[in-house]
Amino acid sequence: MNEIEKLREEVREVDKEIIKLIGKRLSITKRIGGKKKKKGIPLRDWKVEKEIIRNALDAASKVELSPDLIKTIMQNIITESRIQQEILHYSSYSGDKEDILIIGGLGEMGLWFAKFFANQGHNVFIHDIKGKSEHFKSFEKLDEAVNKASCILIAIPFEFMPEIIEKIIKLEFKGTVLDIASLKDHSKKSIEKALEHGINYTSIHPMFGPRVSTLTDRIICLCDCGNPSANEKIKNFFKDTSATIVEIPLEEHDRIISYVLALSHIINIIFMKTLMDGEYEYADLKKIASTTFLSQMGTTKEVITENSSLYYAIQKFNPFKNNLYDRLEQALKYVIESVVKGDKEDFIKIMEEGKKWIEISEQR
């Protein structure tokens, strides 16, 4: 065995030790997760996570290791620890078990929530105009389903939300109703009417798709419709997961979503359209692609492989779209003109102000 091969063998042995230690760490954090579950302690503790990162960076500086490398490694390990802990918590629920009706339970997100609630021990059944479910009890008639429910989740395209809310009102349902619509303004009047008729109504927007297996690092917007009882019930559904609940007023949702979803979607679609209209194939560009290009393409591919009808609706029916498009057009024109006119200082100013804008936000 030559010297290089001996060193490679040493590396392999070290790798084995690293893996063993990671396994040992995850075993310990699983035990911590079990203790949290018994004591009802939330999964995520930002203070502890920050302390872990800080300690790791201090240790890295003493052996002259890259702080970026160590931070990335520790963040990945922390994420995996939360995933493992969440598996222990996932089937637990601290409140009374509910009879939950999923309207639109054959859709991808409807099915995701049906499985989520079933894992928590709730009795889940569905009503969907598409037919019956292979996995959950199905009701063809909405009135029969509503009569058996203590809680209703509406998981249908937001264009049809007002109609279904009106039907629930007419059936004199008095339990908790929540929707997961991507846009809220379209249903605002119907939601107000539901509240007037004694329905405990609230609205959420899960900022993730149906491919998600756990809620680690996932955000759920809780849109306050003015019913604290409904809000608390929804919070309890997710209390034993590592999802982050962000509360916003219902009327603020569509405005902020125009930036968070509509803008990010359309920029990636424009990016793809520009490439497709160019003179090169993707394979040609990929051969010499920069890190930035590949990163952007990764995000763009995620966007264009999603539900195109939903993404169109998010653009078309957002009441703040014109304001967004005006800002986008102005920004694009401003940046391009700074280059065309040779205004270097203006171009640099845009980037520098952008850095400060991000830094200030990250410090909060």
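Higher on the page you've got the structure.
Residues numbered from 1 in each chain as written. Predicted model: local features only at pLDDT ≥ 70, side-chain atom pairs only at ≥ 80, totals over all residues. Heavy atoms only, no water.

Trainee: For this particular structure, what's the right way to read the overall build of the protein chain?
Mentor: Scanning the protein chain from terminus to terminus reveals 14 helices and eight strands. When its C-alpha atoms are laid out on the principal axes, the protein chain stretches across 80 × 60 × 40 Å. Considering the protein chain as a whole, with its 364 residues, one finds that 36% of them fall into the buried category. The contacts of the protein chain with a sequence gap of at least 6 include a subset with a gap of at least 24, amounting to 68%. (Helix = DSSP H or I, 4+ residues; strand = E, 2+ residues; numbered from the N terminus. Buried < 20%, exposed > 50% of the residue type's maximum accessible area, 1.4 Å probe, protein only. Contact = heavy atoms within 4.5 Å.)

Trainee: Looking at this structure, I do not really get the sheet that holds strand β6 (residues 200-206). What am I missing?
Mentor: The strands making up a sheet are joined through hydrogen bonds of the backbone, oriented either antiparallel or parallel. Taking strand neighbours across the sheet as the criterion, the eight strands line up as β3-β2-β1-β4-β5-β6-β7-β8 in an open arrangement whose pairing is mixed. Only two strands of the sheet have a single neighbouring strand rather than two, namely β3 (137-138) and β8 (244-249). Across four bridges, the pairing between strand β5 (residues 176-179) and β6 is parallel. Each bridged residue has a counterpart across the sheet, and for D179 the counterpart in β6 is S203. (Pairing = 2+ DSSP bridges.)

Trainee: Explain a nonpolar patch on the surface to me, please; I cannot follow it from the model alone.
Mentor: Judged by side-chain polarity, Y334, V335, V339, F347, I348 and M351 come together as a nonpolar surface patch covering roughly 520 Å² of accessible area. Counting only elements with at least two residues in the nonpolar patch, the list comes to α13 (321-340) and α14 (344-363). (Patch = residues over 30% accessible without salt bridge, like charges linked within 9 Å, V, L, I, M, F, W, Y side chains within 5 Å. Areas by Shrake-Rupley, 256 points an atom, 1.4 Å probe, with all protein chains shown as cover. Salt bridge = Lys/Arg side-chain N within 4 Å of Asp/Glu carboxyl O.)

That is the geometry; function is a separate question.
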